[in-house]
Amino acid sequence: MTAHEVSLYNTRTRRKEAFVPIKPKEVKIYTCGPTVYSPQHIGNMRPYMFADLLRRTFLLKGFSVFHVTNITDVGHLTDDGDSGDDKMEVAAKKSGRKAEEIADEYTAQWLEDRRLLNCVDPDVLCKATDHIAEQVALCQKLESKGYTYRISDGIYFDISKFPGYANFAKLDLLKEGEGRIKDVSGKRHYADFALWKFAEKGVARQQEWDSPWGRGFPGWHLECSAMSWRYLGERFDIHTGGVDHIKIHHTNEIAQSEAAFGVNPWVSYWMHNEFLDFRGKKMSKSLGNICVLRDLIDAGFHPLSYRYFFLQAHYRKQQTFTDEAMAAADKGYRRLRAVTEGLAGCESDSSEEGVEKIVQRFYAAVYDDLNAPQVLALAGEVVRKSGLSDSARRYLVELIDSWLGLNLLSPLSQELGKESDPRIDDLVQRREAARQEKNFSEADRIRDLLMDEGVTIEDTPDGSTWHRFK
Ligand SMILES: [Zn+2]
């Protein structure tokens with residue numbers, strides 16, 4: 001264990017703060033999940049790898065962690081500024097499929113990509129459509145406290161009743177509102193937002209439910225307040241999401257929850273990850289440049305090379321995806337793993353001199369607002385550092401990988417299958433012989449030679465085997 005404090009950047013206060021939980025040794029986390037009307041591209045996966053690191057941070061610290069992530073399968077309107085139609089409904093109409101079927105397909109894709117990226121499953125994974133009753137109850141609570149009004153289009157949250165509305169995102173409400181005020185007739189302020197939308201008469205919708213106000217469907221923001229209420233209570237420790245949520249979605253979640261529960265702050269720490277810049281552009285369906293994890297795998301990259309790529313930048317820094325950067329990450333990852341997997345058979349030893357110093361540097365980097373690039377560099381250093389025994393290395397790699405989540409101690413060959421090539425077999429045998437003669441410089445020379453042509457050697461108790469990077 002370690003004396004380091006966990007220090008996190010809190011969007012609410014705009015500074016890095018020592019983490020103080022509501023209950024000692026416990027942390028409750030809510031992460032805004034995907035809207036499952038289309039594939040989740042590689043940029044969409046950044047918030048979940050970030051939340052995964054956060055969860056691992058607290059596990060490392062010995063906390064009990066309770067993590068909730070939602071799946072938005074209703075209510076997210078086509079314009080993130082809260083107008084237009086429901087994204088699920090539009091996707092269903094366009095494709096002639098059932099909204100539920102579309103949601104299932106893209107939820108499965110998201111879950112699979114999470115698994116491939118080694119994101120630990122949340123304790124609760126909740127769908128908006130399974131929690132209509134909770135959303136109605138929250139809307140009723142707000143109504144009874146006088147925070148809502150009704151217009152022909154639905155039940156709206158009245159931000160004039162919640163004076164701190166602009167604080168979280170430091171909004172300039174007059175400037176922000178230009179061009180938005182008249183998006184729905186009858187709205188009192190452009191930033192007022194729908195809690196419950198009425199189903200239009202004569203328009204067949206796939207997703208609508210009965211409510212005290214008539215048939216309709218919940219607004220997107222309501223689900224996160226309602227489901228976190230159900231699973232985490234009226235106050236909790238950390239809420240995460242992408243920076244794009246700060247201005248509207250999280251601002252509205254805060255207004256609803258603080259108004260309904262009479263708490264301030266509702267959430268102690270708000271944490272946001274920055275965007276992925278994709279080959280200099282934003283990824284979008286209309287630009288036709290959506291790249292999903294499967295595309296990277298089909299191009300020959302290991303899925304965890306994308307996690308390695310993500311770890312190369314701090315979560316609060318915008319990261320640029322280019323083909324060259326991805327190829328470099330893939331090479332870096334396979335090189336690292338080629339060495340670390342060889343340590344799997346060693347004893348683990350933490351008592352050696354020099355180990356504790358590295359352990360402390362590791363904790364310091366993790367607890368300093370999740371400094372992944374620093375931890376990744378430390379992993380590279382452990383592998384290369386002379387003066388450490390393989391047992392000490394094994395101990396350190398296992399510890400560091402419990403946070404990085406890169407499977408560093410498992411043999412890559414088991415995932416990639418075997419090949420045969422007599423020339424390489426011969427080189428591997430020559431290296432093996434050199435090792436037995438304790439001619440380590442020759443053994444290393446052959447290993448580097450093979451590495452340069454994309455071949456990794458794996459040393460096992462039964463001798464050495466090899467496989468190609470791609
Ligand atoms: Zn949310």
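Please refer to the structure placed before this passage.
Owing to the predicted nature of the structure, the values given are computational and were not obtained by experimental measurement.

Quick rundown of helix α3 (residues 99–116)? Include the residues and the values.
The end-to-end C-alpha separation of α3 is 26 Å, in line with the 26 Å expected for 18 residues at 1.5 Å each. Along α3, the residues that are buried comprise Ala-99, Ile-102, Ala-103, Tyr-106, Thr-107, Gln-109, Trp-110, Asp-113, Arg-114 and Leu-116. Its buried side turned inward, α3 meets α1 (46–60), β4 (64–71), α2 (87–95), β7 (124–127), α8 (293–298) and α9 (303–311). Phi for Asn-118, located one or two positions after α3, is positive at around 60°.

Talk me through the coordination of the zinc ion; I want residue IDs and the actual numbers.
Put simply, the ideal angle at a metal is 109.5 degrees for four donors in tetrahedral geometry and 90 or 180 degrees for six donors in octahedral geometry. Those protein atoms acting as donors to the zinc ion are Cys-32 (SG), Cys-224 (SG), His-249 (NE2) and Glu-253 (OE), and they sit at 2.1 to 2.6 Å. Considering all 4 donor atoms around the zinc ion, angles at the metal cover 73 to 131° and the coordination shape is irregular. The sequence pattern describing where the donors of the zinc ion fall on their chain is C-x191-C-x24-H-x3-E. One end of the pair, Cys-32, is in the loop between β3 (26–31) and α1; the other, Glu-253, is in helix α7 (residues 246–261), with 221 residues separating them in the sequence. Accessibility classification places Cys-32 together with Glu-253 in one group, the buried group.

Explain the nonpolar core to me, using residue names and the numbers behind them.
Of all hydrophobic cores here, the largest spans 80 residues; its most connected members are Phe-58, Ile-238, Tyr-306, Phe-362 and Trp-403. Among the elements that line this core, the one with the most residues is helix α11 (residues 355–367), at 8 residues. A domain split of this core shows at least three residues from each of domain 1 (7–273) and domain 2 (286–404). Beyond its immediate stretch of four places on either side in the chain, Trp-403 contacts Leu-53, Arg-56, Thr-57, Leu-60, Arg-307, Phe-362, Val-366, Leu-370, Asn-371, Ala-372 and Val-375. One finds Val-74, Leu-77, Ala-166 and Ala-226 within the second-largest nonpolar core, a separate group that totals 47 residues.

Could you give me a rundown of the pairing of β3, with the residues and numbers involved?
Within a regular beta strand, the side chains point alternately toward one face of the sheet and then the other, so they alternate between its two faces. Of the pairings in the sheet, the one linking β3 to β4 comprises 6 bridges and is parallel in character. The partner of Glu-26 across the bridge, within β4, is Ser-64. The handedness of the β3 to β4 crossover, carried by α1, is right-handed. Pairing geometry for β3 and strand β12 (residues 236–242), over 3 bridges, is parallel. Its bridge partner lying in β12, Tyr-30 is registered against His-239.

Rules used in this analysis
Once a new chain begins, its residue numbering starts again from 1 and follows that chain's sequence as written. Owing to the predicted nature of the model, reporting of local features is limited to residues with pLDDT of at least 70; listing and counting of side-chain atom pairs is limited to 80 or more, with chain, interface and lining totals taken over all residues. To obtain the side-chain values, all non-hydrogen atoms of the structure were included, while hydrogens and water were left out. Comment: elements are numbered from the N terminus, with helices defined as DSSP H or I runs of at least four residues and strands as E runs of at least two. One less than the residue count of a helix, multiplied by 1.5 Å, gives the span that helix is expected to have. Relative accessible area decides the class of each residue, using a 1.4 Å probe on protein chains only: under 20% of the type maximum gives buried, over 50% gives exposed, and in between gives partly exposed. Here, two residues are considered to be in contact whenever any of their heavy atoms come within 4.5 Å of each other. Sites may look incomplete, because water is not among the atoms used; the donor set itself consists of N, O and S atoms within 2.8 Å of the metal (3.2 Å for Na, K and Ca). Under this scheme a four-donor centre is tetrahedral when all angles range from 85 to 135 degrees, a four-donor centre is square planar and a six-donor centre octahedral when opposite donors are above 155 degrees with the rest from 65 to 115, and any other centre is irregular. What is meant by a nonpolar core is a set of buried Ala, Val, Leu, Ile, Met, Phe, Trp, Tyr and Cys residues, joined one to another through side-chain atoms within 4.5 Å. Domain extents, as shown, originate in an automatic or database domain assignment. Should DSSP find at least two bridges between two strands, the strands are taken to pair. Look down the strands so they point away from you; if going from the first strand over the helix to the second traces a clockwise path, that crossover is right-handed.

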